[in-house]
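Read off the chains here:
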Number of protein chains: 2
Amino acid sequence: MSKDILQKFNARRIIVLIRTHGPLSRLQLTQMLSVAPSTVTRLVNQMMDINLLTEFPNPEKQGQKGFPAKLLRFVSDSLVTAGVFFDPDRIFTCIADFDGNPLSEEEIPITERSFEAILSQASQSIDNQIEALKLNSTHIVGCGVSYPGQHTEEPGRNLKTKQFSNWPNVDVLNDLQPFFDFPVYQINDAKAACLGEMLYGACKPYQNFCYIWLSYGIGGAAVIDQNLYLGNNLAAAEWGGLFPKSKMRPSGQHFLDTLRVSGHELKRLDSITDWHLEQPEARQWIDEATQKLQWLSLVIARTFAPEAIVFGGTLNASLIDEIQSRIASTEHLGEDFLISPPDILRATTDNKPQLGAAALAIHEMLSPSKFTQ
Amino acid sequence: MSKDILQKFNARRIIVLIRTHGPLSRLQLTQMLSVAPSTVTRLVNQMMDINLLTEFPNPEKQGQKGFPAKLLRFVSDSLVTAGVFFDPDRIFTCIADFDGNPLSEEEIPITERSFEAILSQASQSIDNQIEALKLNSTHIVGCGVSYPGQHTEEPGRNLKTKQFSNWPNVDVLNDLQPFFDFPVYQINDAKAACLGEMLYGACKPYQNFCYIWLSYGIGGAAVIDQNLYLGNNLAAAEWGGLFPKSKMRPSGQHFLDTLRVSGHELKRLDSITDWHLEQPEARQWIDEATQKLQWLSLVIARTFAPEAIVFGGTLNASLIDEIQSRIASTEHLGEDFLISPPDILRATTDNKPQLGAAALAIHEMLSPSKFTQ
DNA sequence: TTATTATATTGCGCGCTGCAATATAATCGT
DNA sequence: ACGATTATATTGCAGCGCGCAATATAATAA
């Protein structure tokens, strides 16, 4: 069962197409890729040999003339990806298939916030799930790890975090890889969530979009031609920087601080209830935050001109819902904005942040930029 | 002399490397491309066969042990590109080689502003230069055409312009191609200038940068991984949209209007003299414009996080010089901006806007995104 | 039962590439 | 002075991904 087929250019393109469009016939793949039918046949058959793809009759083509096309789909437990997300309060882990269905999930409360403790629990959780699903490490394309933090300027995609006191800048190869038996990738919470939306969520149809991630802070990500654009120092799309700390900023932390001043002592984002959102101080904050985020949307539309802007995050879901729908329903994003505006979307996978981490491993394998040949 | 070698993947990569790095030996190419030496030898020899490349001894390696490496460079008149730029006042045309040296240039004053008149003069000028240089159309990879305007949402890269009254939206294939015997490409002034900087000017070393184009209006462009990023509706990096028409905006037109209010009647940007720049009203305008453009630089740094931001345009050169150097010398781009800022550069080719148009044809041929195979 | 149609497979050859052996042209060492 | 050494380039050969064209397959239509 040699998987070097996965290194082949057109094999990857086939995987990408089936992943984004759902089941397809060989003929459809031929047309979409502009390659000879024989090429598709050979590659598909090799992928069926290693049990990555399977075929089934097309129910819609029952009773039609000609050779009945067979549709191709992924074998759900043939190749899977692992995802780990954590914040100061909890660890989320999962194993997901190529279609983005979690095959298993786990949530673990955090008791000790040391790097060692969190990562051992996470890797143990992944191992348990692999065992429970009767998989082994040859089935895993990789594991994505994501948590709140900022990428540093050093090479190697290091991540530093304020949320976990005394943590070092975490380096993928030196610090993370020892915990896992398969390739590990690391990215911050916002950018992982963005990949989740791109591969599995509301952004599947888009080539270019921007993500606005509302959590304790304000994060973000920009997708250009189905790739994460990270920019110099990996600082691209870090929208939080557009809101100086000296002024009101539409972050979860600022919302908690605002509530605290008026006597509602909350420490965690997930303690916010619908009742809190109805308080006058909250209403006012929401108005102001919506206004700021609409300005941000305008700036994004004028700079990146994405097809869509997506709102998501670990902030209270109703709160994000309201902000997104209010911005989506405004007549004009801003003065002189005459061209058709980007779609303003609500993220659909931000309740499962580990799915974004899982998406990272798939992205690293399938992103067009990774296979030049 | 069959030029289908130019369609080959690694042949194009070789051209790109020699274009960006200058003369290289076969061994250097081997290492930079991570291919076998035999691959480079064969491709290079084919390109020498069609007289695209030529070799010469490496002067620096005189007196060193071993087989002396021969360096490869372009034959200057083997493959060339044509460029046409015009604004309401003049037409600039040129023929340039792959290294960005103009082989010939022409400037034509505009007497009649009809589409037909301008394009016939431009194409006639190009044809004359081709003849004078003893070239024929097989040597021309293409012709870029650029002028002030905004791209429309229609497919086919249509360009609409306010500067030329009664002009239709110009479509490349239907409207432009009939004037030329080789492929034509069209793009607006700002984005063409940006390509000129990327291929020939101050931005050669950068993978990602943003261009701020100061002319009658405020244009711009974003380069991501050595590609123009155009965004949805080709509206990306149109910075002008960030300055509402209801307020002060750092555009050449606004500068002319400001001077007019204080009694200095100027209609054309190239009528601005150093004396004008010393007037009190001008000084105040420049202060304000610098402040606005520094804010823009901060926004760009926070969104695109480019390696560099380049200032250029058809606005008075001293004026752009001053704005660029003032922004480049500020301690911090803005509040909380802690990471290393982008380089703030001065464009070096904006005195030859036709070179940017010429760059477009080369870019269309050599851009990595155009050759997947 | 045969013709027609839509889809998939097989046989063959081309062309790009890597590998390993060989060639080339300079200096170094004695 | 002349072979040894070194750095660079070329050649022969084989592998392999792909396209083309012929063929096979499995359904409906006549």
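Here the structure is shown first, and the text comes after it.
Position labels on residues start from 1 in each chain and follow its written sequence. Chains carry letters from A onward and ligands carry numbers from 1 onward, assigned in written order. Thresholds applied to this predicted model are a pLDDT of at least 70 for local features of residues and 80 or more for the giving and counting of side-chain atom pairs; totals over whole chains, interfaces and linings are not thresholded and use all residues. Water and hydrogen atoms play no part in the side-chain values, which are based on all heavy atoms of the structure.

### Structural notes on the packing of helix 1 (residues 9-21) of chain A against helix 11 (residues 353-366) of chain A
Residue and element names in this part refer to chain A.
Thinking step 1. Packing of helix 1 against helix 11 leaves a shortest axis separation of 10 Å and a crossing angle of 140°. Taken together, the axes of helix 1 and helix 11 are oblique relative to one another. Of the residues in helix 11, those in contact with Arg12, Ile15, Val16 and Arg19 of helix 1 are Ile362, Met365 and Leu366.
Thinking step 2. Note on residue classes: Ala, Val, Leu, Ile, Met, Phe, Trp, Tyr, Cys and Pro are nonpolar, Asp, Glu, Lys and Arg are charged, and everything else, Gly too, is polar. Residues belonging to the contact of helix 1 with helix 11 are distributed by class as follows: five nonpolar, no polar and two charged. Note on geometry: axes are C-alpha line fits, over the in-contact stretch for helices, and angles between N-to-C directions span 0 to 180 degrees. Runs of E in the DSSP output that reach at least two residues are strands. Runs of H or I that reach at least four are helices, and both are numbered from the N terminus. Angles are sorted into four bins: roughly parallel if under 35 degrees, roughly antiparallel if over 145, roughly perpendicular if 65 to 115, and oblique for all others. Contacts are assigned to residue pairs with any non-hydrogen atoms lying within 4.5 Å of each other.

### Some remarks on the protein's contact with DNA strand D
Thinking step 1. Note on definitions. A residue lies near a molecule or strand when any single heavy atom of the residue is within 4 Å of it. Close contacts around DNA strand D come from 29 residues, with Asn10(A), Ser38(A), Thr39(A), Phe67(A) and Phe67(B) the closest.
Thinking step 2. The share of sugar and phosphate among atoms of DNA strand D within 4 Å of the protein is 67%.
Thinking step 3. Contacts described as polar in this section are N or O atom pairs within 3.5 Å, which, within protein, must combine one atom able to donate a hydrogen with one able to accept it, while residues neighboring in sequence count only if both atoms come from side chains. Separating a phosphate oxygen of DNA strand D from a side-chain N or O atom of Asn10(A) is a distance of 2.4 Å.
Thinking step 4. Within the backbone of Ala36(A), a nitrogen or oxygen atom sits 2.8 Å from a phosphate oxygen of DNA strand D.
Thinking step 5. Elements supplying a minimum of two residues to the surface near DNA strand D: helix 3 (37-49) of chain A together with helix 2 (26-33) and helix 3 (37-49) of chain B.
Thinking step 6. At five residues, helix 3 of chain B tops the list of elements feeding residues into the surface near DNA strand D.
Thinking step 7. A class-by-class count of the residues in the surface near DNA strand D yields nine nonpolar, twelve polar and eight charged.

### Observations regarding the pairing of strand 10 (residues 184-188) of chain A
All names here are of chain A.
Thinking step 1. Between buried and exposed lies partly exposed: a residue is buried under 20% and exposed over 50% of the maximum accessible area for its type, with that area taken using a 1.4 Å probe on protein chains only. Most of strand 10 is tucked away: four of the five residues are buried.
Thinking step 2. Strands were regarded as paired on the criterion that DSSP finds at least two bridges between them. Two strands pair when backbone bridges link them, and strand 7 (residues 140-147) and strand 10 are joined in this way by five bridges, in the parallel orientation. Residue pairing in the sheet places Tyr147 in a bridge with Asn188 of strand 10.

### Topic: the relation of the copies chain A and chain B
Thinking step 1. Rotating chain A by 180° and translating it 0.0 Å along the rotation axis places it on chain B, where the RMSD comes to 0.1 Å. The symmetry that links the two subunits is that of a two-fold axis.
Thinking step 2. Mapped onto chain B, 100% of the interface residues of chain A again fall at the interface, so both copies present the same surface. Fitting of the copies onto one another was done by least squares over C-alpha atoms, counting residues only where both copies have pLDDT of at least 70.

### Topic: the packing of aromatic side chains
All names here are of chain A.
Thinking step 1. Any pair of Phe, Tyr and Trp rings, taking the six-membered ring for Trp, is counted once the centres come within 6.5 Å. Such a pair is stacked with planes under 30 degrees apart, edge-to-face with planes over 60 apart, and tilted for the rest. Per the stated rule, a full pass over the model turns up 30 aromatic pairs over all chains.
Thinking step 2. On the numbers, 5.1 Å between centres and 85° between planes, the contact of Phe115 with Trp167 is edge-to-face. Placement of Phe115 in helix 4 (residues 115-132) and of Trp167 in the loop between strand 9 (159-160) and helix 5 (172-176) is noted, with a sequence separation of 52 residues between them.
Thinking step 3. Measuring from centroid to centroid gives 6.0 Å for Phe243 and Trp295, while their planes differ by 70°, and the two rings are edge-to-face.

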